[in-house]
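Descriptive analysis of the structure
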Amino acid sequence: MRADLHTHTLYSFDGDPTATVNAMCESAIAKGLTHLAITDHCDINGEIEGIYPVLDKDAVFDAVCAAKKTYARRLTVLFGIELGQATQYPTEARALLERYPYDIVLGSLHNLANTPDFYYMSVQDADFPAPQLAEMSDGEIAALFERSLQETSALLDFEGIHVLPHLTYLHRYVRQVGRKLNFTPHLPQIAALFEKMIRQGVALELNTSSLVADGTGLPMPTAELLALYRQCGGKLISVGSDAHVPHRIAQSFDAAAALLTACGFTALSVPTAGGILTLPINS
Ligand SMILES: [Zn+2]
Ligand SMILES: [Zn+2]
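Overview of the structure. (Residues numbered from 1 in each chain as written. Chains lettered and ligands numbered in written order. Predicted model: local features only at pLDDT ≥ 70, side-chain atom pairs only at ≥ 80, totals over all residues. Heavy atoms only, no water.)

**Here's the deal with the coordination of the zinc ion (ligand 2)**
Looking at the zinc ion (ligand 2), the protein donor atoms are His6 (NE2), His8 (NE2), Glu82 (OE) and Asp242 (OD), and they sit 2.1 to 2.2 Å from it. Taken together, the four donor atoms coordinating the zinc ion (ligand 2) and their angles of 82 to 171° define a geometry best described as irregular. For the zinc ion (ligand 2), the donor residues sit on a single chain with the sequence spacing H-x1-H-x73-E-x159-D. Here the zinc ion (ligand 1) and the zinc ion (ligand 2) are spaced 3.4 Å from one another, each receiving a donor from Glu82. (Donors = N, O, S within 2.8 Å, 3.2 Å for Na, K, Ca; no water. Tetrahedral: all angles 85-135°; square planar, octahedral: opposite > 155°, others 65-115°.)

Dropping the structure here:
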């Protein structure tokens, strides 16, 4: 696959200092990609409530515009954003999408309403105290996942989202603390969510940030859920490494291509502001 449609630069609060826009483009070219989306974090609730540093949107816009020109003949650079929790501050989120000409908008859910980021539920951080997943019952973890599906469904009503990244974001942290998330009881709710995505024309993302090159590790979502999406009639499918450092661009993409092929997908098919981007999976 020659497109990585979810990456972060040093403008993201958690981006690596070496992850300049140009360094990300150079790495994408070195790995044979034809398309790269720069999708820095804007967790709208985190910015408004002072939890995270505010993304310098003008700076990243200027850097991506410059990179589009610099690499025009070698790489298609998409100006994107990973917009977190849009439905928690819809007016501000809407204003952001109207202010910048985003090519691609990822609509994320990193934390539930009035609940810390799932990441902080997996680590002890004095600055961000959070209930710990390791100490929760299976039922409490299942309830968190159910709430995440409900809030993700509400997110789909927010107009302007092209891609739903890491649908099973909670799964990564549940797994990291040695616990399990059983999807079986949630499959009807997940299928209903997929049907809504299909109606709204929003793509599902295969996020490879926790996938290992040999195919082990954790695809987000899992093969079981990718196959369910396909069975529901899902065709819009994206892929992203979620790299925060240049060398992680296109991480485990061969394994991801094999997974998508096994689930019945033949092409990446991703809505963008400029129309649907269709690219072969096996290239
Ligand atoms: Zn994310
Ligand atoms: Zn991300």
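**Quick look at the coordination of the zinc ion (ligand 1)**
Looking at the zinc ion (ligand 1), the protein donor atoms are Glu82 (OE), His110 (NE2) and His166 (NE2), and they sit 2.0 to 2.1 Å from it. Spacing between the donor residues of the zinc ion (ligand 1) along their common chain follows E-x27-H-x55-H.

**As for the packing of helix α7 (residues 187-200) against helix α8 (residues 223-231)**
Relative orientation of the contacting elements α7 and α8 amounts to 50°, with a least axis distance of 9 Å. In this view, α7 runs oblique relative to α8, as classed from their interaxial angle. Crossing geometry of α7 relative to α8 is assigned as right-handed. Between α7 and α8, the contacting residues are Leu187, Ile190, Ala191, Phe194 and Ile198 on the first element and Glu224, Leu225, Leu228 and Tyr229 on the second. Classifying every residue of the contact of α7 with α8 by side-chain character gives eight nonpolar, no polar and one charged. (Axes fitted to C-alpha atoms, helices over the stretch in contact; angles between N-to-C directions. Helix = DSSP H or I, 4+ residues; strand = E, 2+ residues; numbered from the N terminus. Parallel < 35°, antiparallel > 145°, perpendicular 65-115°, else oblique. Left-handed = near helix turned anticlockwise from the far one by under 90°. Contact = heavy atoms within 4.5 Å. Nonpolar A, V, L, I, M, F, W, Y, C, P; charged D, E, K, R; others polar.)

**Details of the nonpolar core**
Among the nonpolar cores identified, the biggest contains 94 residues, and Met1, Ile81, Leu83, Leu133, Phe194 and Leu260 are the most heavily contacted of them. The element best represented in this core is helix α9 (residues 253-262), accounting for six residues. Not counting residues up to four positions away in its chain, the partners in contact with Met1 are Leu33, Val239, Phe253, Ala256, Ala257, Leu260, Leu268, Pro280, Ile281 and Ser283. (Core = buried A, V, L, I, M, F, W, Y, C linked by side-chain atoms within 4.5 Å. Buried < 20%, exposed > 50% of the residue type's maximum accessible area, 1.4 Å probe, protein only.)

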